[in-house]
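Below are the chains, spelled out letter by letter.
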Amino acid sequence: MRNPRRPEIREMGQISPWRRTLAVFASTFLLALPGCSGGDEASDAESDGAAGAIQGLGGSGAGLGGASSGGAVAAGGTAPAVGGGDLGLGGAAVGAGGAAVGAGGAAVGAGGAAPGVGGADPGLGGADPGLGGADPGVGGAATGGFAGSPGVGGDVGVGGTGAGGGGGAPGALSAIPANGTIGLEWPVTPGATSYNLYWSTTADVSPTTGTLIAGAERGYVHRDTSNGQTYYYVVTAVVDGSESAPSDVASATPGGEWVLEQLGTGDFTDVVTGAPVPTVPVEQRVHILLFGEGYLASELYKLHDHTDHSGARDNDVDRWIDLVFSIEPYSLFPEAFVIWYLPRASNTTIRDPNPDTAFQVPVDVSSFAQMGSVPTDGATAQIAWAAIDDHLFPPADFTGPAFRRARNAVAAFLIFDPDYDQASVSGLATSLQNPADANQRIAAAFGVGHAHEFTHSFANVRDEYMETSNSAPSSWSGTSNVVGTNVCGDLPWSHLLYGSTINPSVDGLVGAFGDPSLGYHSELLCLMNGTHDNGEFYGTSTGSCSPTSCTLRSEDRMCNYCRETTALRVFQRTGILPVDDDTAVAEWAASYRTPFYAQYEFRVPGVHFPGLVPQSNDRRDPETSDAERQIYQACVP
Ligand SMILES: [Zn+2]
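Residues numbered from 1 in each chain as written. Predicted model: local features only at pLDDT ≥ 70, side-chain atom pairs only at ≥ 80, totals over all residues. Heavy atoms only, no water.

(A) Looking closely at the nonpolar core. Membership of the largest hydrophobic core comes to 69 residues, with the highest contact counts inside it found for Trp320, Phe325, Phe333, Phe337, Phe458 and Phe571. Counting residues per element, the ones that place at least two in this core are β12 (286-293), α5 (300-303), α7 (316-324), β13 (337-342), β16 (405-417), α9 (450-459), α11 (560-573) and α12 (581-600). If you look at the next biggest cluster of nonpolar residues, it comprises 40 residues, including Ile176, Val338, Val425 and Ala444. (Core = buried A, V, L, I, M, F, W, Y, C linked by side-chain atoms within 4.5 Å. Buried < 20%, exposed > 50% of the residue type's maximum accessible area, 1.4 Å probe, protein only. Helix = DSSP H or I, 4+ residues; strand = E, 2+ residues; numbered from the N terminus.)

Take a look at the structure:
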């Protein structure tokens, strides 16, 4: 099924037949990559789990210096240097994020001066960084939300070694409650080689009394917790082989319907400087909301299974993550994302003659399962938004890419097809409108071709310029990956053309592939390209790229321009670059683009992806012959 006209991805993404995507689906799912890790949030958390009231105390053991992102000052200062709390000394805070540095610096003295109680050997104390308490104010004040801007850098002091234990403890530990899961994050402790997390169901948790989770990474998700039961945590840092004092206690009571799957820490690489960005507060990170659709209660383990999570990862949520985050630029910035899933059981599968599924996503199963049209304000939108409203961090900013869309949240529906025993169904990207407020929408991707569909939704880029039913766009901008011109200087990706600073030596890769009536794309092969009709233009009558089988989609890579544009979205959605596209693109071009390619390279298939021949294909030229030949469509002066 295909839309007669596919305007722009703005309202309707592509629909690709299951047959074409199946092979890809199977092969791409073999890719795997480890989940992200790390966490950084500075407030203790406590919540009822449902709507999530989080409160916190802020400054943790390390106390000092809280650094804060964006120059928010050392609130930590407020939560003084109690230093390593009970123990050694609070590390001296060295400050992490910009402004905070100064403050932190000041704190050093304090920490150093206040030798620890137990701290026999304050030694390092003063010396080491510490930053700890990030911005207590935040956490403390917040009720009902994570208000705070956590301290970014917050961190620890390594402190004395003595009787009382190591010195400064890790800074503000925070606990994020979800359905059967609790996310735990704390600031980096400079010099730490690992962290130990301890938990208990009693408030007196300590390294002595708690259950050890050795080597927990920042952004740890504690799985298999019981809803309604309060869990208490402390964390320690291991520096130079010695374990620090514990952080202050954080607690959370899991509950609600959303399961926390992966907690990015908000610490990712700043393209401009190569250093970490100031920690992006959790509510400003990109929240990916995965909806499980069409799973019977007895099949929900196929959506996700905590046991399988650290094993074969043979479930739909883990496969989705492994696929999407194996591709650049997602693989470059995993810490920008927080991933959740909603395991709501359906009464029937999508194959039932009278389907009664959890989100009423319309699926046509008359042949292979494919998406029906999803109205922006239909039943699916209503049900989904009711669930979104119950999320711990419901989207509040609707200035995201494209019209009235959530800046910090993207929805993706994993639709279970019993015929394949996993999420499938041909894809679609659209947006869902909040029934309570027409000015609030969330970009939503449905079905297989997960990375492709998700990128439509996340980056608001188009695709399938080689589709007979498409038409060339009449207008475009600096983020458009399909345009209506093939004039070199007018291409949004003209900076990538052969001979440019970024691409001084690779001819035949970047140009204007397409057709005047359908539009032009920068490279022939790209994750965002189509899976059908391509052969009408680039195929031979037979062979590997016949009119009916040719696909120009490369499932494991985006073209350089789509990759760059999608990276731009990471910085826009997390509030680092402005939401306005023209402004953001100008800033990207001036400050980000050159360092981006310096750090991550101009990616050439065949070099970076062995086995692929760059921009070569069998071309069927309908006007001349079916002769096979390499093709390269240069732009025109
Ligand atoms: Zn592309």
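(B) How the structure looks around the packing of α9 against α11. Between α9 and α11, the shortest axis-to-axis distance is 10 Å and the interhelical angle comes to 50 degrees. Judged on the interaxial angle alone, α11 and α9 are oblique. Considering how the two elements wind past one another, α9 and α11 form a crossing that is left-handed. Contact with α9, carried on its side by Thr455, Ser457, Phe458 and Ala459, involves Thr566, Arg569, Val570 and Arg573 of α11 and no other residues of that element. Considering only residue class, the contact of α9 with α11 consists of three nonpolar, three polar and two charged. (Axes fitted to C-alpha atoms, helices over the stretch in contact; angles between N-to-C directions. Parallel < 35°, antiparallel > 145°, perpendicular 65-115°, else oblique. Left-handed = near helix turned anticlockwise from the far one by under 90°. Contact = heavy atoms within 4.5 Å. Nonpolar A, V, L, I, M, F, W, Y, C, P; charged D, E, K, R; others polar.)

(C) Representation of the environment of Phe337 in the model. Here Phe337 lies in strand β13. Assessed through its relative accessible area of 0%, Phe337 is described here as buried. Here the alpha-carbon distance between Phe337 and Val286, two residues 51 residues apart in the chain, equals 4.7 Å. Sequence-distant contacts of Phe337, that is, excluding residues within four places in its chain, are made with Gln262, Leu263, Gly264, Val286, Ile288, Phe325, Tyr330, Phe458 and Val570.

(D) Broad picture of the state of the cysteines. On inspection of all chains with the given rule, the structure shows one disulfide. In this model, Cys488 is linked to Cys635 through a disulfide, with the two sulfur atoms separated by 2.1 Å. The sign of the 105 degrees torsion about the S-S bond sets the Cys488-Cys635 disulfide as right-handed. Of the two residues, Cys488 is situated in the loop between α9 and β20 (513-515) and Cys635 in the segment after α12; the sequence distance between them amounts to 147 residues. Residue Cys488 shares its accessibility class with Cys635, and that shared class is buried. (Disulfide = S-S within 2.5 Å.)

(E) Geometry of the coordination of the zinc ion. The protein atoms donating to the zinc ion are His521 (NE2), Cys526 (SG), Cys559 (SG) and Cys562 (SG), with metal-donor distances spanning 2.1 to 2.3 Å. Taken together, the four donor atoms surrounding the zinc ion define angles of 99 to 125 degrees at the centre, an arrangement classified as tetrahedral. Between the donor residues of the zinc ion, the gaps in sequence give the motif H-x4-C-x32-C-x2-C. (Donors = N, O, S within 2.8 Å, 3.2 Å for Na, K, Ca; no water. Tetrahedral: all angles 85-135°; square planar, octahedral: opposite > 155°, others 65-115°.)

(F) Region of the structure containing the confidence of the model for the protein. Here the protein shows a mean pLDDT of 75. Residues at 70 or above account for 69%. Considering only residues more than four positions removed or in separate chains, one finds that residues 622-628, a stretch of pLDDT under 50, has ten contacts. (pLDDT = per-residue confidence, 0-100.)

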